[in-house]
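Descriptive analysis of the structure
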Amino acid sequence: MFRTNRIKRLVRSPAVFLMALLFFLPGLNLYATEGVPGMHELDRRVADLMARMTLTEKIGQMAQVNAFGGGIPVAAQEALTAGRIGSILNEVNVNIVNEMQRIAVEESRLGIPLMIGRDVIHGFKTVLPIPLGQAATWNPELVRKGARMSALEAASTGINWTFAPMIDVTRDPRWGRIAESLGEDPYLHSVLGAAMVKGFQGDDLAEHGTIAACAKHFAGYGASESGRDYNTTNIPENELRNVYLPPFHAAVEAGVATIMASFSDLDGIPASGNRFLMRQVLREEWGFEGFVVSDWASIEQLTVHGLTANDKEAAFEALGAGVNMEMASTTYTNHLEELLQEGRISIQQIDEMVEGILRVKFRMGLFENPYTDPSSYPAISNPEHLATARLAALQSLVLLENRNKVLPINKETLGSIAIIGPLADDGYEQMGTWVFDGDAGISQTPLSAIREFVGTDVRVNHVRAMETSRSRSVDGFEKARAAAESSDAVIVFLGEEAILSGEAHSRADIDLPGNQAELLRVLHETGKPLIAVILAGRPLTLENVLDHTDAILYAWHPGTMGGPAITDVLFGVESPAGKLPVTFPKMVGQVPIYYAHKHTGKPATADTFRSIDDIPVRMPQSSSGFVSSHLDAGYSPRYPFGYGLSYTEFSYSDIRLSGNRVALGEPVTVKAVVTNTGDVEADEIVQLYIRDLVGNVTRPVKELKGFQRLRLQPGDSQTVEFVLEPDDLAFYGRDMKLINEPGDFHVWIGGSSEAELRAEFTVTSD
Ligand code: BGC
C-alpha cells in the first residue's frame, strides 16, 4: 500500500511518467526469470541480480547494521542509497522501517530490499513462557502456534527476520541462556526447534505474516565451561555430532532460512571462523541453502579470542569459514575489498556469500512486498494471542512436589488466602529474559488472577515481603508471617527476577537468591499449608526449601498470561501436566547432570553407592568397590528429565513390540497401555526412551526417541503406539559417520526418564 501510493503520486506528472516508462520498465525486467536456461527460477533471479552488482553493492549486502535510535541519519540514508547495507536490526517503528525500505528499494541503484532483524525470542508484545518453559509443554503444535503468533505481531511493525529459535542443547543450569534454550535433550530440542521454525516461517516464507527464522548459535554454545557466558567450549566431535548438532540439522531440514554463528570458541577455533562447522557440516553434509549471520560483532571478536591479529584477518577467516553476513561490526565492510585486491580472497567467495543472502530475500518475497501495512495484521495481543499465551503458560507448569495433596486448593472451603512474595504481582518480571518488546502493561499477574478467580467470598491477604528476589532485608517478613497466620493457606511467589537469567547472566550459585529461603522458613513456622510457586529462568537448587513447603509448582517465567494459567492449576481448573525439559540437580556441584549420560565402567546403583555418612573411618584407599558418584550428593538428581506430577496418577502396562527381532534398516513398533488410575481428568506426556546396549562408541543409558501428549478421563486407558525408524536408532560412530548397527536394544515407555516399563529387541544384520 505504501509503495502504491508513492507510485500513484509520481505518475501524476507526465514528464515523470515518461521517464518512469523509460527507466522503470527495463527496471521491472531486472529480476525477470527468463534467461539462463535450465536454472531454477530462484537461482536465475539471483544470477541476474548478481550480474548487475558492483563490488561495493555486494559487500553492502553482507553488512547488518544496528538501527539508529529512532530515525535515519543522513549518513545512513546515504549508505542505504548506495546499497551499502543489506540488513538492519533493532528497528521496530513501522514508519521508520518503511522509510528505510523505501530508500533501499526506490533510491538505491538496484532496489534490493532490507532484512529487518530483531530478537523475537518468546513472543513480541504478547509474551509466551521463556523457551525453556515452552519446552516443558512438550507440545510441538502449541510451540508452532506460539511462534506463528509472535511472527504476526512482529511482522506488523516491519520486522521480517527473527533471531530465533535458540537451539543450543545445554546441560548447565548455571548458564543464563538456558532460559532461551529448549533444555538438555537433542531429540526434544530437534522436534520443538523445528516446530518454531515452521511457526515463524509458515509453509512459504513469502506468505504475509511469516518471518525468516534464525537457528542459533551454531554451534556448541550451550557447553560454555562452568556455565559462564561466552566461555570456551571443548566438545569432542563425536559428542558434537550426537548431542549438539542434531537440533540444527532438524532446523535445516525444516527449511530454516538463516543460521547464526556462535560467539564461543569450539575446540580452539571460535565458531564464527570455523570452517568445519559452516563449510563441511552445514553446507557440504547438510546442503544448507540459506545463509549464516555472525553473532553481534563475533567476527571482530575473532581477534579478541586470539585467533586473528586484527580486523582484516578476522574478515578473512570468517569469509573463508562461510559467514555470509556480519552483524554489528564492520570488518567485511572495511577489509573485503582490500583482501580481494591482494588476491587473498576471490570474487567467487564473495559472490557465494551474497548469493546466499539474495536467495533468502527472494524466498521471503521481499522484492514483491517490501513494505508493511500494519492494518493488514491482526491486532497485537488480541484475544486469540492471549489465549495462545495462556495455554502455553498453563502447559509449561511443572508440579514438583505435592505433599498430602495440598494442591489443588478448594475454593469452596477457603475463607482466606495469603499471597506473598516478590513475584506475586510483578507484570514485568514474569515476562522473563529477552523481551525487548514485551508489554508489561498487559501482563496478568498471579495476584490479580487469583483475586478475580476467588471473587469476594475469599479474603486475599497480599504482602510482597521482599522488594526483589535478590533482597536481603527481612523487614517485610513479620508482616508476611501475620498475613499467613490469619489465612487458611499460603501461596508464596518466589524465584528469580527476569534479569538474573539470559545472556551474560550466569550464576555460580543456583539456590533461590536473596533471603527467599528464609522467608519460606518463617512462613512454614505458621504451620499453614504452604505452596511455593517458583518463577525462574533456570532450574534452581531447592534443597534448602524442600522441608519448608508442602507443594512446589515450577512456573519458569510464564509470560503475559502467567497469572491466569497458574491460578487454573492452583485451584484445580486444570491438572498440571508439564514435564521437565532439563534435569534439576540437588547441588550445583553435580552439574553437568543429565539423564542421557554414559554408563561408565563403574556405574553407581543403590546397592553400590556409599555416602559420606556411610564410609568407614580410615577405610583403606582401593579402586575396587568404588562407583561413579559424589559422596555428598549421590549419583541421582533432585528431579529427573521428563518428570512432573499431576493431580491424577497414570499407570503404564502391556508394553509390546512388533517383533523382538528386527532386520537392520527396518522399523519397530512399540505399544503400551496408559491408564488414568486417579480421579481427575488430566493430560499425560508419554515418553519413549531407548538404550543401545553395545555400540561402536559408547551410547547413553537412555535416549528420548518419542513422546505424545494425551488426555485421559479417570479410569480410562489408551494404547499408545510409537514407530522407531532406523534413523531413531542411528548414531555417529568412531569415524563420525551416521551408522545403524545390529545389536540389542532396550525400550521404555513411561511418564519420565525414570520410566520402568521395558521391552527388549535385537536388530539383526540378516
Ligand atoms: C546474542 C544473539 C542475539 C544478538 C542480537 C547477541 O548478543 O548472542 O543471540 O540474536 O545479540 O541481539
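Note that residues are indexed from 1 along each chain, following the sequence as it is written. Only residues with pLDDT of at least 70 are given local features in this predicted model, and only at 80 or more are side-chain atom pairs given and counted; all residues enter the totals for whole chains, interfaces and linings. To obtain the side-chain values, all non-hydrogen atoms of the structure were used and water was disregarded.

Thoughts on the sheet that holds strand β19 (residues 668–676)
Convention followed: Only when DSSP finds a minimum of two bridges between them are two strands counted as paired. The secondary structure listing takes helices from DSSP runs of H or I that are at least 4 residues long and strands from runs of E that are at least 2 residues long, numbered from the N terminus. Orientation is described by axes fitted as lines to C-alpha atoms, over the contacting stretch for helices, and by angles from 0 to 180 degrees between their N-to-C directions.
Taken in spatial order, the 3 strands make up an open sheet running β17-β19-β22, and their pairing is antiparallel. In this open sheet, the two edge strands, each paired with only one partner strand, are β17 (650–657) and β22 (717–724). Between one strand and the next, the sheet's axes are offset by a mean angle of 25°, whatever the strand orientation.

Thoughts on the pairing of strand β21 (residues 703–712)
Where we set the bar: Each residue is placed in one exposure class: buried if its accessible area under a 1.4 Å probe, protein chains only, is under 20% of its type's maximum, exposed if it is over 50%, and partly exposed if it falls in between.
Counting buried positions over the 10 residues of β21 gives 7, a clear majority of the element. In terms of strand pairing, strand β20 (residues 682–692) meets β21 through 9 bridges, oriented antiparallel. Note that in β21 the partner of Q687 across the bridge is F707.

Focus: the side chain of S753
Defined as follows: Contacts described as polar in this section are N or O atom pairs within 3.5 Å, which, within protein, must combine one atom able to donate a hydrogen with one able to accept it, while residues neighboring in sequence count only if both atoms come from side chains. Here, residues are in contact when the closest pair of their heavy atoms is within 4.5 Å.
Within the fold, S753 resides in the loop between β25 (743–750) and β26 (758–764). A polar atom in the side chain of S753 sits 2.6 Å from the backbone oxygen of F641. Not counting residues within four places of it along the chain, the set of residues in contact with S753 comprises Y595, P640, F641, G642, Q687, Y689 and K702.

Here's the deal with the site of the ligand
Convention followed: The near set for a molecule or strand comprises every residue that places at least one heavy atom within 4 Å of it. Computed with the Shrake-Rupley method and a 1.4 Å probe, the accessible areas treat only the protein chains shown as cover for residues. Three classes are used: nonpolar for Ala, Val, Leu, Ile, Met, Phe, Trp, Tyr, Cys and Pro, charged for Asp, Glu, Lys and Arg, and polar for all others, with Gly counted as polar.
With respect to spatial proximity, the complete set of residues near the ligand consists of D119, F163, R177, K216, H217, M260, F263, D295, W296, M327, W434 and E503. One nitrogen or oxygen atom from the side chain of H217 is found 2.7 Å from an oxygen atom belonging to the ligand. Within the side chain of E503, an N or O atom sits 2.8 Å from an oxygen atom of the ligand. Considered on its own, the ligand offers 310 Å² of accessible surface; in the complex 93% of this is hidden by protein. When grouped by side-chain class, the residues that make up the shell around the ligand number 6 nonpolar, 1 polar and 5 charged.

Some remarks on the packing of helix α8 (residues 140–155) against helix α9 (residues 186–201)
Pairs of packed helices are described in terms of their axes, by the angle between the two and the distance that separates them. Heads up, the condition is: Crossings are assigned a handedness: left-handed for a near helix turned anticlockwise from the far helix by less than a right angle, right-handed for a clockwise turn.
The interhelical angle for the contact between α8 and α9, taken along N-to-C directions, is 35°, at an axis separation of 7 Å. In this structure, the crossing between α8 and α9 has a hand that is right-handed. Contacts from P140, V143, R144, A147, R148, S150 and A151 of α8 reach α9 at V191, L192, A195, M196, K198, G199 and F200. Here the residues of the contact of α8 with α9 sort into 9 nonpolar, 2 polar and 3 charged.

Some words on unusual backbone geometry
Of the consecutive residues A164 and P165, the connecting peptide bond is found in the cis state with omega at 5°. Along the chain, V591 connects to P592 via a cis peptide bond; the corresponding omega equals 0°. One non-glycine residue, N90, adopts positive backbone phi at about 75°. Mapped onto the secondary structure, N90 falls in the loop between β2 (87–89) and α6 (94–107).

Comments concerning the nonpolar core
This is how the line gets drawn: For our purposes a nonpolar core is just a set of buried Ala, Val, Leu, Ile, Met, Phe, Trp, Tyr and Cys residues, chained together by side-chain atoms within 4.5 Å.
Core analysis: the largest hydrophobic core is formed by 105 residues, its most contacted members being F218, I259 and L336. Ignoring any residue separated from it by four or fewer positions in sequence, one finds F218 in contact with L245, F248, I259, M260, A261, S262, A271, L277, M278, V281, L282 and W286. Judged by nonpolar contacts, the second largest core, of 41 residues, contains I178, L494, L512 and L519.

Side note on the sheet that holds β21
The mixed open sheet is built from 5 strands, whose spatial order is β18-β26-β25-β20-β21. The open sheet has two edge strands with one neighbour each: β18 (661–663) and β21. Adjacent strand axes in the sheet meet at a mean angle of 25°, parallel and antiparallel pairs treated alike. In the sheet, β18 pairs with β26 via 3 bridges, with the strands oriented parallel. Its bridge partner lying in β26, V662 is registered against V763.

Overview of the packing of aromatic side chains
How two aromatic rings sit relative to each other is set out by the distance from centre to centre and by the angle between their planes. Test applied: Working definition: rings of Phe, Tyr and Trp (its six-membered ring) pair if their centres are within 6.5 Å, and the pair is stacked with planes under 30 degrees apart, edge-to-face with planes over 60 apart, and tilted otherwise.
Enumeration according to the criterion identifies 22 aromatic pairs in this entry. With a centroid separation of 6.4 Å and an interplanar angle of 75°, the aromatic rings of Y221 and F263 are classed as edge-to-face. Here Y221, found in the loop between β5 (214–218) and α10 (237–244), pairs with F263, found in the loop between β6 (258–261) and β7 (265–266); they are 42 residues apart in sequence, far enough to count as distant. By relative accessible area, which is 9% here, F263 ends up buried. An angle of 35° between the planes, with centres 5.0 Å apart, marks the rings of F453 and F571 as tilted. Of this pair, F453 sits in helix α18 (residues 446–454) while F571 sits in the loop between α21 (562–570) and β17, and the two are 118 residues apart along the sequence.

Points about empty space enclosed by the protein
Note the threshold: In the cavity and pocket records, a cavity denotes points on a 1 Å grid over the protein atoms alone where a 1.4 Å probe fits but cannot get out, a pocket denotes an open set with protein on both sides within 12 Å along at least 5 of 7 lines, and lining residues are residues with an atom within 4 Å of a point. Grid points are joined across faces, edges and corners, and a volume is the space filled by probe spheres set on the points.
Inspection of the entire model under this criterion finds 5 cavities of 30 Å³ or more. Lining the largest cavity are 13 residues, and of these Q61, L80, G83, S108 and I112 lie nearest its centre. Considering only residue class, the lining of the largest cavity consists of 7 nonpolar, 4 polar and 2 charged. Of the pockets and cavities examined, the second largest cavity occupies roughly 60 Å³. G665, E666, D692, P726, L729, N740, E741, F745 and V763 are the residues that line the second largest cavity. Within the lining of the second largest cavity, the residues separate by chemical class into 4 nonpolar, 2 polar and 3 charged.

Observations concerning the packing of α18 against α21
Which entries qualify depends on this criterion: Angle categories: roughly parallel below 35 degrees, roughly antiparallel above 145, roughly perpendicular from 65 to 115, and oblique for all the rest.
Direction vectors running N to C along α18 and α21 enclose 50°, while the axes themselves pass 7 Å from each other. Here α18 lies oblique to α21, going by the angle between them. Pair α18 / α21 crosses with right-handed handedness. Within the contact between the two elements, α18 uses P446, A449, I450 and F453 and α21 uses G563, P564, I566, T567 and L570. Considering only residue class, the contact of α18 with α21 consists of 7 nonpolar, 2 polar and no charged.

Brief notes about the environment of G665
By the element assignment, G665 lies in the loop between β18 and β19. Linking G665 and I357, residues 308 residues apart in sequence, is a C-alpha distance of 38 Å.

Some remarks on the pairing of strand β11 (residues 398–402)
Counted residue by residue, β11 has 5 buried out of 5 residues, so it is predominantly covered. As paired strands, β11 and strand β16 (residues 551–554) are joined by 4 bridges and run antiparallel to one another. Residue pairing in the sheet places L399 in a bridge with L553 of β16.

So, the environment of N274
Here N274 lies in the loop between β8 (269–270) and α12 (275–285). Each C-alpha atom, one on N274 and one on A261, is 8.9 Å from the other, the two residues being 13 residues apart in sequence. The residues touching N274, leaving out its near neighbours within four places in the chain, are L266, I269 and A321. For N274, the side chain forms a polar contact with the main-chain nitrogen of F276, separated by 3.2 Å.

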